[in-house]
Amino acid sequence: MTAQQTDQQRQAERDEVLQKAQRAKDVAPTIAVLPTPAKDAVLLAAAEALAERAGEILQANARDIEEGRANGLAESVLDRLALDEERIDGIAGGLRQVAGLQDPVGEVLTGRTLPNGIQMKKVRVPLGVMGMVYEARPNVTVDAFGLALKSGNVALLRGSKTARHSNEALVAVLQDVLAGNDLPREAVQLLPCESHDSVQDLITARGLVDVVIPRGSARLINAVVTGAIVPTIETGTGNCHFYIDASADLDKAIAMLLNGKTRRVSVCNSTETVLIDAHLSETDKHTIIATLQEAGVVVHGDVDKHAAFGATVEPATEEDFAEEYLSMDIASAIVDGVDGATTHIARYSSGHTDAIAAQDADALRRFAAAVDSAAVVLNASTAFTDGEQYGMGAEIGISTQKLHARGPMALPELTTTKWILEGNGQVR
């Protein structure tokens, strides 16, 4: 391909992004004022359509899986990418759940009457055009559409090249449902994904796009947040910790640890580090490590410290403690009680979810107060940090930032507010 052809292709891609963004901006006022029954009808119809057209969706997904394997994608990525009838049923179920949730648009948050008689109220309103940048998770395509529509927003989706065929099939179904309900197909659109340039076009489309939400690897999120001139809501990676205190019920603690680590390794709420209280007996420490290894988990840690209680582990690097594995691997550290655990978490956690197993009330209280993460879990698995588990329906992501939204983001987090003042001729 010549330089001229490359430039022409680049310009065509940019034009497509901006044209779709403009169409999204044009239809946003229509979607913003849709009554709740109309939005719910579309969501329920979309759930039915996904089930009815599962065959074509799975066929498209099979192409992505085949191409992904040929390109050497990791098994954890292929797991996130893969769809089957059960997963499609789950995606459709998420839409039904969103349809059953309270519509946040128009909710009055506060209000009062001024001394001069002006009545004022603060109400929830849609954000507008919601850009979404995400990796190989076709379910996010539908989740983003459902949550955007219910909260009165328009979805502008930039999925990954690895899920291109799946995303195209899913968006085709959703657009057909919109058209069948006399609504603009542009309420959900898929952006080109051949190069990273389309991401840059989206996150710099100031005036057309109201917010961009990245969801995926730390590299993707950082690229969006640092390169955007459009407002962003940062969703974080999940370097999640599980601390086992000396006071813990060991059997329950191990069950929670295994659930967090092995239930599904490719998700952001998977446990990536186990912190073991140094005050546990050598037998209990050995049992924790041995049980993980018997479950097929590769444990990484300080070789000498683990050998002291008879455990053999892979040597850990700084990266082992700082990054997500998204695989059947876990980092292990021996810490000095709650203070040691919270110090380790403060250094390495991504601020997503950190958990403790303990029966001592003071240990639980101190852990909850000291850990500064979006979710702090006491005596339960890290796997519960999930919008559906929180009763929110599908989630748009887990926010680890501290402004606007934190934790699982669903309907209320996809709105902003405005003040409405009503007078009868007052002047200042």
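Residues numbered from 1 in each chain as written. Predicted model: local features only at pLDDT ≥ 70, side-chain atom pairs only at ≥ 80, totals over all residues. Heavy atoms only, no water.

So, about the overall build of the chain. Helix and strand counts for the chain come out as 15 helices and 16 strands. Taken over the C-alpha trace, the chain has a radius of gyration of 24 Å; the compact-globule value for 428 residues is 22 Å, and the two agree within 12%. Overall, the C-alpha framework of the chain stretches about 75 × 70 × 45 Å when taken along its three principal axes. In the chain, once contacts between residues fewer than 6 apart in sequence are set aside, the share between residues at least 24 apart is 72%. Total accessible area computed for the chain in this model is approximately 18700 Å², and 49% of it derives from carbon and sulfur atoms. Within the chain, the 59 negative side-chain charges are centred at a point lying 8 Å from the centre of the 38 positive side-chain charges. (Helix = DSSP H or I, 4+ residues; strand = E, 2+ residues; numbered from the N terminus. Rg over C-alpha atoms; globule rule 2.2 N^0.38 Å. Contact = heavy atoms within 4.5 Å. Areas by Shrake-Rupley, 256 points an atom, 1.4 Å probe, with all protein chains shown as cover. Lys, Arg positive; Asp, Glu negative; His and termini not counted. Charge placed at Lys NZ, Arg CZ, Asp CG, Glu CD.)

We now examine helix H9 (residues 218-227). Among the residues of H9, those classed as buried are Leu220, Ile221 and Val224. Seen end-on, H9 carries its buried residues on one side only, within an arc spanning 95°. Across H9 from its buried face, at more than 90 degrees, point the exposed residues Arg219 and Thr226. Buried residues along H9 sit in contact with strand S3 (129-134), helix H8 (197-203) and strand S6 (211-215). (Buried < 20%, exposed > 50% of the residue type's maximum accessible area, 1.4 Å probe, protein only. Arc of directions from axis to C-beta.)

Between helix H3 (residues 54-70) and helix H7 (residues 164-180), the shortest axis-to-axis distance is 7 Å and the interhelical angle comes to 160°. On the basis of the axis angle, H3 is roughly antiparallel to H7. Like other packed secondary-structure pairs, H3 and H7 cross with a definite hand, here left-handed. Contacts between H3 and H7 involve Glu56, Ile57, Ala60, Asn61, Arg63, Asp64 and Glu67 from the first element and Arg164, His165, Ser166, Ala169, Leu170 and Val173 from the second. Partitioning the contact of H3 with H7 into residue classes produces five nonpolar, three polar and five charged. (Axes fitted to C-alpha atoms, helices over the stretch in contact; angles between N-to-C directions. Parallel < 35°, antiparallel > 145°, perpendicular 65-115°, else oblique. Left-handed = near helix turned anticlockwise from the far one by under 90°. Nonpolar A, V, L, I, M, F, W, Y, C, P; charged D, E, K, R; others polar.)

Another point: the packing of helix H14 (residues 337-348) against helix H15 (residues 361-370). Between H14 and H15, whose axes approach to 10 Å, the crossing angle comes to 20°. On the basis of the axis angle, H14 is roughly parallel to H15. The crossing of H14 and H15 is right-handed. When H14 is examined against H15, the residues Val338, Asp339, Thr342 and Ile345 are found in contact with a partner set consisting of Ala363, Arg366, Phe367 and Ala370.

Now for the sheet that holds strand S2 (residues 119-126). Ordered by their spatial adjacency, three strands build an open sheet running S1-S2-S16, and the pairing between neighbours is antiparallel. Whereas interior strands pair on both sides, the edge strands pair on one side only; in this sheet they are strand S1 (108-113) and strand S16 (415-422). Strand-to-strand twist across the sheet, computed as the mean angle between neighbouring axes with direction ignored, equals 20°. With five bridges connecting them, S1 and S2 associate as antiparallel partners. Among the inter-strand pairings, glycine 111 is bridged to a residue of S2, identified as lysine 121. (Pairing = 2+ DSSP bridges.)

With that settled, consider the side chain of serine 332. By the secondary structure assignment, serine 332 is in strand S11 (residues 329-335). Given the relative accessible area of 1%, serine 332 is considered buried. In terms of polar contacts, serine 332 uses its side chain to reach the side chain of histidine 306, at 2.8 Å. Residues in contact with serine 332, not counting those within four places in the same chain, are Val274, Ile276, Ile289, Val299, His300, Gly301, Asp302, His306 and Phe321. (Polar contact = N/O pair within 3.5 Å; in protein donor to acceptor, adjacent residues only side chain to side chain.)

With that settled, the discussion passes to unusual backbone geometry. Located in the positive-phi region is aspartate 182, a residue other than glycine, with phi close to 60°. Along the chain, aspartate 182 turns up in the loop between H7 and strand S5 (188-190). One non-glycine residue with positive phi stands out, namely asparagine 379, at about 60°. Mapping asparagine 379 onto the fold places it in the loop between strand S13 (375-378) and strand S14 (397-399).

Let's shift gears to the pattern of salt bridges. Taken as a whole and judged by the stated rule, the model has 23 salt bridges. Taking the shortest distance from any N to any O, the salt bridge between aspartate 201 and arginine 10 comes out at 2.7 Å. Of the two residues, aspartate 201 sits in helix H8 while arginine 10 sits in helix H1 (residues 3-32), which places them 191 residues apart along the sequence. Classification of aspartate 201 by relative accessible area gives buried; the value is 2%. Classification of arginine 10 as partly exposed rests on a relative accessible area of 25%. Three or more residues are tied together by salt bridges with common partners; here these are Arg10, Glu13, Arg14, Asp197 and Asp201. (Salt bridge = Lys/Arg side-chain N within 4 Å of Asp/Glu carboxyl O.)

Turning to the nonpolar core, a few remarks are in order. Within the largest apolar cluster, 72 residues are counted, with the highest numbers of intra-cluster contacts made by Leu50, Phe145, Val209 and Ile396. The contact partners of phenylalanine 145, leaving out residues within four places of it in the chain, are Val42, Leu43, Ala46, Ala155, Leu174, Leu178 and Val188. Core analysis: the next-biggest nonpolar cluster, separate from the first, contains 24 residues, Phe242, Ile254, Ile276 and Phe309 among them. (Core = buried A, V, L, I, M, F, W, Y, C linked by side-chain atoms within 4.5 Å.)

Bringing the packing of aromatic side chains into the picture now. Applying the stated criterion across every chain yields a total of two aromatic pairs. Centroid distance tyrosine 243 to phenylalanine 367: 6.3 Å. Interplanar angle 15°. Geometry classified as stacked. Taken together, the residues tyrosine 243 in strand S7 (residues 240-244) and phenylalanine 367 in helix H15 connect sequence positions 124 residues apart. We note that tyrosine 243, like phenylalanine 367, is buried. (Phe/Tyr/Trp six-rings, centres within 6.5 Å; stacked < 30°, edge-to-face > 60°.)

What follows deals with the state of the cysteines. Throughout the structure, instances matching the rule amount to zero disulfides. We note that cysteine 240 lacks a disulfide partner, and the nearest cysteine sulfur, in cysteine 268, lies 6.8 Å from it. Of the residues examined, cysteine 240 reaches a relative accessible area of 0% and is grouped as buried. Note on cysteine 268: relative accessible area 21%, which makes it partly exposed. (Disulfide = S-S within 2.5 Å.)

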